[in-house]
Amino acid sequence: MARAIDVAPSSITRWEDPSGAIPRRRDLHALLEYYEVSEGETDLYLELRERARGSGWWQRYGIKGDYGTYIGLEGDARKIERYDAIHIPGLFQTEDYQRALAAGSMADLGQEEIDRRIGVRKERQRVWMSARPQTWVIVDEAAVHRRVGGAAVMRAQLEHVIGLMAEPHVTVQLLPYEVGVHAAMETGPFTVIDVGALSVVHVEQHKSVLFRDDPHEVEEYLRVLDKLRMEAHGDAKTKAGLRSALR
């Protein structure tokens with residue numbers, strides 16, 4: 001491929017690294033021609049390149065690498081679809097819930113670092129509420145019954161989720177215990193982000209993340225979400241389940 005578009009192989013390696021260099025416009029155009037990408041999609045990728053060259057707000061916080069890539073995709077999203085198994089999704093978390101999570105799972109972090117991370121999360125939430133991408137979240141029932149930070153913190157968190165369900169761009173479904181074995185038990189938490197030009201799957205693993213943008217792999221995760229949607233509670237039962245946990 002490098003020979004076909006007249007660049008050094010090391011250039012390809014740098015482009016594939018999320019924290020690496022952004023290809024020149026000419027090189028990106030040649031790469032898209034090599035893969036026979038349609039004219040319409042080529043224009044979208046070139047537009048994304050221009051936007052990627054600008055500084056993201058997260059850089060003020062020293063965020064780079066995989067997390068920076070994720071925030072950039074999230075900020076450009078038209079649609080966000082997520083399955084969460086163990087806690088309330090980050091975009092829905094209250095500050096007290098976040099602090100309780102940090103205290104319990106990141107006890108080695110200093111207060112300054114915790115404050116920085118919470119600041120990043122708050123800005124992500126602000127951008128998300130401003131952009132209002134269609135957001136469909138499926139949350140395992142275990143996540144709403146796990147007391148994070150005690151009863152008062154958890155009560156406020158569940159009330160916040162119920163409040164978000166009134167937003168026209170937000171859909172929340174509760175996956176009940178009674179479902180038993182389900183389609184996402186082997187995948188763990190994941191997010192599918194649609195930015196128009198492409199869709200990307202973000203898979204969380206222990207101390208690492210994976211990005212998948214191969215259309216066939218993305219489609220596999222979308223099928224998992226479709227199965228979960230069929231098994232999870234609808235709007236009324238989800239609200240009832242959240243209120244039951246709240247009580």
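Residues numbered from 1 in each chain as written. Predicted model: local features only at pLDDT ≥ 70, side-chain atom pairs only at ≥ 80, totals over all residues. Heavy atoms only, no water.

## Quick look at the pattern of salt bridges
- In this structure the tally under the stated criterion is 13 salt bridges.
- The residue Glu95 makes a salt bridge to Arg99 at a minimum N-O spacing of 3.1 Å. Within this pair, Glu95 and its partner Arg99 are both found in helix H5 (residues 95-105), separated by 4 residues, close to a single helical turn. (Salt bridge = Lys/Arg side-chain N within 4 Å of Asp/Glu carboxyl O. Helix = DSSP H or I, 4+ residues; strand = E, 2+ residues; numbered from the N terminus.)

## Considerations on the packing of helix H4 (residues 65-76) against helix H6 (residues 111-131)
- Running from N to C, H4 and H6 cross one another at 20°; their axes reach a closest spacing of 10 Å. Judged by the inter-axis angle, H4 sits roughly parallel to H6. Taken as a pair, H4 and H6 cross one another with a handedness that is left-handed. Within the contact between the two elements, H4 uses Tyr67, Tyr70, Ile71, Glu74 and Gly75 and H6 uses Val120, Arg121, Arg124 and Val127.
- Its residues assigned to classes, the contact of H4 with H6 comprises 5 nonpolar, 1 polar and 3 charged. (Axes fitted to C-alpha atoms, helices over the stretch in contact; angles between N-to-C directions. Parallel < 35°, antiparallel > 145°, perpendicular 65-115°, else oblique. Left-handed = near helix turned anticlockwise from the far one by under 90°. Contact = heavy atoms within 4.5 Å. Nonpolar A, V, L, I, M, F, W, Y, C, P; charged D, E, K, R; others polar.)

## A closer look at the nonpolar core
- Ranked by size, the top nonpolar core spans 31 residues in total, and within it Phe92, Trp128, Val144 and Leu242 carry the most contacts.
- Contributions of two or more residues to this core are made by H4, strand S2 (134-140), helix H7 (141-145), helix H8 (151-164), strand S3 (170-175) and helix H10 (235-246).
- Excluding residues that lie within four positions of it along the chain, Val144 makes contacts with Ile88, Val139, Met154, Leu158, Leu174, Leu242 and Ala245.
- Counting 15 residues, the second-largest nonpolar core is a separate cluster that includes Val192, Val224, Leu228 and Ala232. (Core = buried A, V, L, I, M, F, W, Y, C linked by side-chain atoms within 4.5 Å. Buried < 20%, exposed > 50% of the residue type's maximum accessible area, 1.4 Å probe, protein only.)

## Digging into the environment of Ala131
- Along the chain, Ala131 turns up in helix H6.
- A residue is classified by how much of its surface remains accessible, and Ala131, at 46% relative accessible area, is partly exposed.
- Separated by 57 residues in sequence, Ala131 and Glu74 place their C-alpha atoms 9.9 Å apart.

## A closer look at unusual backbone geometry
- Of note in this structure, Arg132 is not a glycine but carries a positive phi near 55°.
- Along the polypeptide, Arg132 turns up in the loop between H6 and S2.

## Let's talk about the environment of Arg155
- Here Arg155 lies in helix H8.
- Arg155 gets classed as partly exposed once you look at its relative accessible area, which sits at 37%.
- Between the C-alpha atoms of Arg155 and Val144, which are 11 residues apart in sequence, the distance is 9.8 Å.

## A closer look at helix H9 (residues 215-231)
- Given a rise of 1.5 Å per residue, 17 residues ought to cover 24 Å, and the 25 Å separating the end C-alpha atoms of H9 matches this to within 8%.
- Within H9 the residues assigned to the buried category are Val218, Tyr221, Val224, Leu225, Leu228 and Arg229. End-on view of H9: buried residues confined to an arc of 140°, all on one side of the axis. Relative to its buried face, H9 has exposed residues pointing more than 90 degrees away, namely Pro215, His216, Lys227 and Met230.
- The N-terminus of H9 is capped by Asp214, whose side-chain oxygen sits 2.9 Å from the backbone nitrogen of His216. (Expected span 1.5 Å × (residues − 1). Arc of directions from axis to C-beta. Polar contact = N/O pair within 3.5 Å; in protein donor to acceptor, adjacent residues only side chain to side chain.)

## Remarks on the pairing of strand S4 (residues 190-194)
- Counting buried positions along S4 gives 4 out of 5 residues, so the element sits mostly inside the fold.
- Bridge count between strand S1 (residues 79-84) and S4: 5 bridges; the pairing is antiparallel. The residue of S4 that forms the bridge with Arg82 is Thr191.
- Here S4 runs beside strand S5 (residues 199-205); their pairing, made up of 5 bridges, is antiparallel. Residue Phe190 lies in a different strand from S5, and its bridge partner there is Val203.
- Between the antiparallel neighbours S4 and S5 lie 4 residues, among them Gly196 with a positive phi of about 95°. (Pairing = 2+ DSSP bridges.)

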